[in-house]
Amino acid sequence: MATDDPGNRRPSPLSLSSSFRQGLMSDQISEEQEAESQSHVVAVSLVDSTPLLWRMQDLRAVRGQGLVGALVGSLARVPRQNGRMGRPLQLLQEEQRLLGEQGAIAMATRKQVSEERRSLVFESFDSYRSYEEQTVLALEDKKSSLLRAMTTPTPHTESKHVALRGHLETLDHHFTFPRSGLAVQLSTARAGLTYCPEDRVYLQADRSPRGPVSPQSEAKYQVFRDLRGRGFYLTSAGKFGGDFLVYPGDPLRFHSHFIAICLSLDESMCLLDVLTVARLGSNVKKTVLLCSATPEGGVVYTSLQWSGMV
Amino acid sequence: MSESGDESEKKQPTNWIQQHPVYQGMKSLEVGDSAQIHAAFLVYMDLSEARHWNEVSYMKSPELEVVLLEGREIEGGPVQTVLPLPVHQNVNHRSLRRVLDRGFPLLLCAVGSDSTLVYQRMTDGLVTPDPPVGPFQDVDRRHQRKRRQQD
């Protein structure tokens with residue numbers, strides 16, 4: 001689709017949010033788009049072990065499958081806020097694993113990505129203004145700012161003016177432009193974020209989990225998969241002290257109904273902790289769900305609610 | 001003389017529990033956890049005397065070593081199971097499932113050291129919470145601005 005070329009498209013924050021919503025709301029995705037999203041292979045960038053999605057078609061495909069993720073990028077035009085975030089979309093470990101099991105995920109292996117990126121960085125490095133040019137420009141900048149400081153009518157004493165003039169005169173000799181101050185332009189459209197079908201040939205789908213899977217994360221994944229299979233949407237529930245927030249539909253349309261807490265059947269919990277989490281749930285009008293994976297492969301759920309008995 | 005009078009009065013509050021037939025009945029179940037029996041007794045008294053539940057009875061849970069209570073909140077209503085536990089005790093999900101398997105609605109009661117009682121409802125499955133109560137008013141921009149000025 002022509003509009004999805006990340007090099008050309010520069011969405012403003014407002015249009016991003018409204019078109020984002022329209023594009024991502026599951027009930028507005030037509031049937032053929034949904035079929036397409038199910039067969040779509042999503043390109044994931046890994047930063048350490050954090051899976052990130054950058055391309056709009058990947059975000060749309062993932063949302064079409066009912067996986068929400070979390071936007072963690074800043075928006076170029078409204079940077080100093082976190083009410084509205086932009087791409088990339090960070091996936092939960094469980095979401096990444098679910099996509100991996102469906103074969104719908106492709107990750108560049110670390111060696112390939114770093115080599116590609118290194119060559120691209122050096123390429124763009126030379127194309128932008130070189131170090132020498134930037135040094136000259138920085139020196140000009142410094143001189144003009146010193147001149148401005150000397151000529152502004154502020155209550156400076158004579159000695160200060162003298163000091164500034166002296167500094168200006170010796171500037172040509174003593175000025176050094178640090179390498180860390182160098183401006184480098186990186187073209188993100190090319191920096192390893194586009195995975196065209198030809199590239200995907202040598203990208204391997206990494207199905208092995210990172211490191212040993214702990215029993216807790218295995219239990220969490222079983223609960224995630226079961227609830228997703230029942231049609232719920234799940235996001236992380238750090239704000240509510242649980243493992244997942246369970247929505248009856250798309251989070252853009254509903255409030256969550258449940259705070260899911262995953263534990264093993266034999267894990268002992270202090271009754272005080274049960275009261276804590278139940279109290280929190282009743283304060284925010286959500287049911288606390290204690291979820292455990294059974295050895296037979298299913299999941300049992302126990303709802304914890306306020307009794308109403310004062 | 002007054003001291004001995006005080007002493008006998010001081011003994012009275014603790015003794016009445018131990019002399020109570022229900023408490024002694026619970027003890028005879030030989031559950032083995034005196035703290036849990038004490039908690040169960042307090043819940044029994046609360047249900048039967050304070051909340052006026054009907055047909056409150058106690059029994060030993062076969063799988064777990066606890067005293068369970070049963071009763072009807074209103075006359076002719078459904079039987080509910082109450083699990084009384086001291087608040088500092090640990091529970092696991094499996095034991096809660098076992099009590100739920102009895103087939104009655106379950107109330108978990110946490111008994112504090114000052115005999116505060118907190119009842120929580122536990123149900124199998126996913127129970128949608130009650131929606132927030134209306135009427136709902138969308139806050140218009142004037143109110144938002146006013147609120148911001150006040151802050």
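Worth saying up front: this structure is predicted, and the values here are computed from it rather than measured.

Caption draft 1: The nonpolar core, seen in detail. L53 and V62 of chain A are the most contacted members of the largest nonpolar core, which has 31 residues in total. The two domains that each donate at least three residues to this core are domain 1 (18-107) and domain 3 (215-304) of chain A. Not counting residues within four places of it along the chain, the set of residues in contact with V62 of chain A comprises V42, L53, L67, L89, L91 and L99 of chain A. In terms of nonpolar packing, the next biggest core, distinct from the first, is built from 26 residues, I261 of chain A together with L83, V99 and M122 of chain B among them.

Caption draft 2: Looking closely at the sheet that holds strand β8 (residues 258-262) of chain A. Sheet architecture is open: ten strands sit in the order β6(A)-β7(A)-β8(A)-β10(A)-β11(A)-β6(B)-β5(B)-β3(B)-β2(B)-β1(B), paired in mixed fashion. A single partner strand is all that each edge strand has here, and the edge strands are β6 (233-236) of chain A together with β1 (54-60) of chain B. Sheet twist, expressed as the average angle between the axes of neighbouring strands with direction ignored, equals 30 degrees. One ladder, built from four bridges, connects β6 of chain A with strand β7 (residues 244-247) of chain A; its direction is antiparallel. For T235 of chain A, the partnering residue across the bridge sits in β7 of chain A and is L245 of chain A.

Caption draft 3: Up close: the pattern of salt bridges. Going through the model one piece at a time under the given rule, you end up with 13 salt bridges over all chains. Measuring nitrogen to oxygen at the nearest pair gives 3.2 Å for the salt bridge that ties R97 of chain A to E218 of chain A. In this pair, R97 of chain A is assigned in helix α4 (residues 93-101) and E218 of chain A in helix α9 (residues 215-229), connecting sequence segments 121 residues apart. Judged by its relative accessible area of 27%, R97 of chain A is partly exposed. R72 of chain B is the salt-bridge partner of E55 of chain B, the closest N and O atoms lying 2.8 Å from each other. Highlighted residues: E55 of chain B in strand β1 and R72 of chain B in strand β2 (residues 67-72), separated in sequence by 17 residues. Here E55 of chain B falls in the exposed class, since its relative accessible area comes to 56%. Taking the relative accessible area as the measure of exposure, R72 of chain B reaches 23% and is therefore partly exposed. Each of R97, E101, E218 and R225 of chain A takes part in salt bridges that share partners, so that together they form one network.

Caption draft 4: Structural view of the sheet that holds strand β3 (residues 70-73) of chain A. All names here are of chain A. A sheet is described by the order of its strands in space; here five strands give the open sequence β3-β4-β2-β1-β5, paired in mixed fashion. Edge positions in the open sheet fall to β3 and β5 (105-107), since each of these has one partner strand only. Going across the sheet, the axis of each strand differs from the next one's by a mean of 45 degrees, ignoring polarity. Lying over the sheet, α4 contacts β1 (42-47), β2 (50-53) and β5, oriented at roughly 105 degrees with respect to β5.

Caption draft 5: Expanded view of the interface of chain B and chain A. Listed as interface residues are 32 residues of chain B and, on the opposing side, 35 residues of chain A. Broken down residue by residue, the surface that chain B buries against chain A is led by H93, Q120 and L126 of chain B, which jointly contribute 24%. Between the two partners, chain B and chain A, sit one salt bridge. Salt-bridge contacts for D266 of chain A lead to R94 of chain B; the nearest nitrogen and oxygen are separated by 2.6 Å. Remark: the boundary between chain B and chain A carries 16 residue pairs in polar contact (both at pLDDT 80 or more). At the level of secondary structure, the elements contributing two or more residues to the side of chain B that touches chain A comprise β3 (79-86), β4 (90-92), α4 (93-100), β5 (106-111) and β6 (117-124) of chain B. Per-element accounting of the side of chain B that touches chain A gives the leading share, seven residues, to β6 of chain B. Among the residues making up the side of chain B that touches chain A, the classes are represented as 18 nonpolar, nine polar and five charged. Judged from the five bridges that link them, strand β11 (residues 299-306) of chain A and β6 of chain B form a sheet pairing that is antiparallel.

Rules and cut-offs
Residues numbered from 1 in each chain as written. Chains lettered and ligands numbered in written order. Predicted model: local features only at pLDDT ≥ 70, side-chain atom pairs only at ≥ 80, totals over all residues. Heavy atoms only, no water. Core = buried A, V, L, I, M, F, W, Y, C linked by side-chain atoms within 4.5 Å. Buried < 20%, exposed > 50% of the residue type's maximum accessible area, 1.4 Å probe, protein only. Domains from an automatic or database assignment. Contact = heavy atoms within 4.5 Å. Pairing = 2+ DSSP bridges. Helix = DSSP H or I, 4+ residues; strand = E, 2+ residues; numbered from the N terminus. Axes fitted to C-alpha atoms, helices over the stretch in contact; angles between N-to-C directions. Salt bridge = Lys/Arg side-chain N within 4 Å of Asp/Glu carboxyl O. Buried area = accessible area lost by both parts, 1.4 Å probe. Polar contact = N/O pair within 3.5 Å; in protein donor to acceptor, adjacent residues only side chain to side chain. Nonpolar A, V, L, I, M, F, W, Y, C, P; charged D, E, K, R; others polar.

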